[in-house]
Amino acid sequence: MSATLAKGQNGPVAVSDVVISLQVTAPADLSALLVTEQGKVRTDADFVFYNQPSGPGVDLRPGPAGQPASLAISLPAVPADIDQIRAVITLDDANSSFGRFAPPTAIVSDASGNQLFSYQIDGLDAESIVIALELYRRQGSWKVRAVGQGYAGGFAALVTDHGVQVDDSPAQAAPQQAPPPPPQQAPPAYPAQSAPSYPQQPAPAYAPPGGGYPPPPGPAQQPPGGGYPPPPGQGFPPPAQGAPPAPQQPPAEISLSKDRPVSLQKGQRVTLRKEGGAALTFVKMGLGWDPVRTRGMFGNRTVDIDLDASVCLFADQNLVDVAYYGQLSSKDGSVRHQGDNLTGEGEGDDEMILVDLTRIPAHISTLLFIVTSYKGHSFEQVQNAFSRLIDGTTNAELARYTLAGGMPFTAMAMAKVYRVGGDWKMQALGEGFNAKHPGEAVPQLGRFLGGN
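This text gives an overview of the structure that appears in the document. Just so we're clear, the structure is a prediction, and the values are computed from it rather than from any experiment.

What about the overall build of the protein?
Here's step 1: The helix and strand tally for the protein stands at two helices and 27 strands.
Here's step 2: Relative to its 452 residues, the protein shows a buried fraction of 48%.
Here's step 3: Working note: accessible area of the protein is about 20800 Å², and carbon and sulfur atoms make up 51% of it.

Brief notes about the pattern of salt bridges
Here's step 1: Across all of its chains, the model carries nine salt bridges by this definition.
Here's step 2: Ionic pairing is found between Arg42 and Asp81, a salt bridge with its closest N-O pair at 3.1 Å. Note that Arg42 is positioned in the loop between β4 (28-35) and β5 (47-48) and Asp81 in the loop between β8 (70-74) and β9 (84-91), a separation of 39 residues in sequence.
Here's step 3: Residue class for Asp81 comes out partly exposed when judged on its relative accessible area of 42%.
Here's step 4: Here Glu134 makes a salt bridge to Arg86, at a shortest N to O gap of 3.2 Å. Remark: Arg86 occurs in strand β9 and Glu134 occurs in strand β12 (residues 129-138); sequence separation between them is 48 residues. Like Arg86, Glu134 is buried.
Here's step 5: Three or more residues joined by partner-sharing salt bridges are found here, namely Arg42, Asp46 and Asp81.

Describing the pairing of strand β16 (residues 282-291)
Here's step 1: Extensive coverage of β16 is indicated by the burial of eight of its ten residues.
Here's step 2: Inspection of the sheet shows β16 paired to strand β22 (residues 351-356) by six bridges, in the antiparallel sense. Within β22, the position partnered with Val283 by the bridge is Val355.

Some words on the sheet that holds β5
Here's step 1: Overall, antiparallel pairing links the six strands, which are arranged β2-β13-β12-β9-β4-β5 in an open sheet. Looking at strand neighbours, the two that pair on one side only are β2 (10-13) and β5, the edges of this open sheet.
Here's step 2: Direction of pairing for β4 relative to β9: antiparallel, over a ladder of eight bridges. Looking across to β9, one finds that Asp29 is bridged to Thr90.

The rules behind these values
Residues numbered from 1 in each chain as written. Predicted model: local features only at pLDDT ≥ 70, side-chain atom pairs only at ≥ 80, totals over all residues. Heavy atoms only, no water. Helix = DSSP H or I, 4+ residues; strand = E, 2+ residues; numbered from the N terminus. Buried < 20%, exposed > 50% of the residue type's maximum accessible area, 1.4 Å probe, protein only. Areas by Shrake-Rupley, 256 points an atom, 1.4 Å probe, with all protein chains shown as cover. Salt bridge = Lys/Arg side-chain N within 4 Å of Asp/Glu carboxyl O. Pairing = 2+ DSSP bridges.

Now the structure itself:
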């Protein structure tokens, strides 16, 4: 039977093997500090984390998609001079904070997956690190205590205070300041979505006996949530009336070349006709990106980023269909998604979408190509993002648009292909917004449909 702990509460652990896992709505890491009665590690081997996933009696195991790893602990194998095992949650983005997300939950289970204890860590604000809970010895037995204490000194201070030697403490590079987004009008009131929503996950916290952890810093903000792809036929009202900012003059339209691919700038357009004037009939849209490789105190690592490309098919302002990782082909068969790349690792296109322009129904006016971050990473943690247009009959690259620098958004409208009279045109967009999947994105896409 599972027990729910509150901050500071404890309970007996009657099994010899336990697993500590997390439910979090933000990208985060789980680690463990094995400390003596003095609250210090004996050696650096008593710190279990992603670059050192095994310690005495403790193993860090990969978690399910979108969730951090778990700690598998064999209590009989823990050395006798280890008095406590402290489970630590660290946000991937050190500039973020737990207060911006739903509270995390720490779960203690037995080796068969039966839940023994759960602890939702409420009350976190500006902290990016929290000691979630600890297993500790008491009179020859093991117990668990809900800790939930944010650490004010940062990750380096946390581990050094516990006795971990940090030989190379790199200076943190100042985060790139993306230019502030242009002022936007209040979005129009879109019709409510009736489709299912992704489950949100809860979370845990700690009051240590005796020795104190530094108090948590001050408060932060809470972001909005979202839903999932709406049924076909959802319409967007015309743009809201008001005093919009003076529109910038769009860049000149350019023509495709048979000798080399054209390099598009943000906002530029190109007509989908070959240099001799023949209309393209079958094109491919390749989308690619690389996760930023970060240098930490204990080695380099690549952030586990899951970006997804999708195509939204619109008839004027009305959504008709979506091709994405959950539905790889549009219902009319004109658009085919080649599958989901979960990491962005490797050279070349990460995801490829095939478009048969001759099969697109006459009422479809716009194909909008977007990329969303399923795990909530922003494009500040992505580099070399691009979209490229390929002639589907010759596989020759015709045009390419490369994003310049990361932006603090979790979704990106990369490009659109749209009708003008009897022609199809492509426009490079490169506009960011916040969405983790197509359902959260669709209500925000109306602004990209005008001006064709």
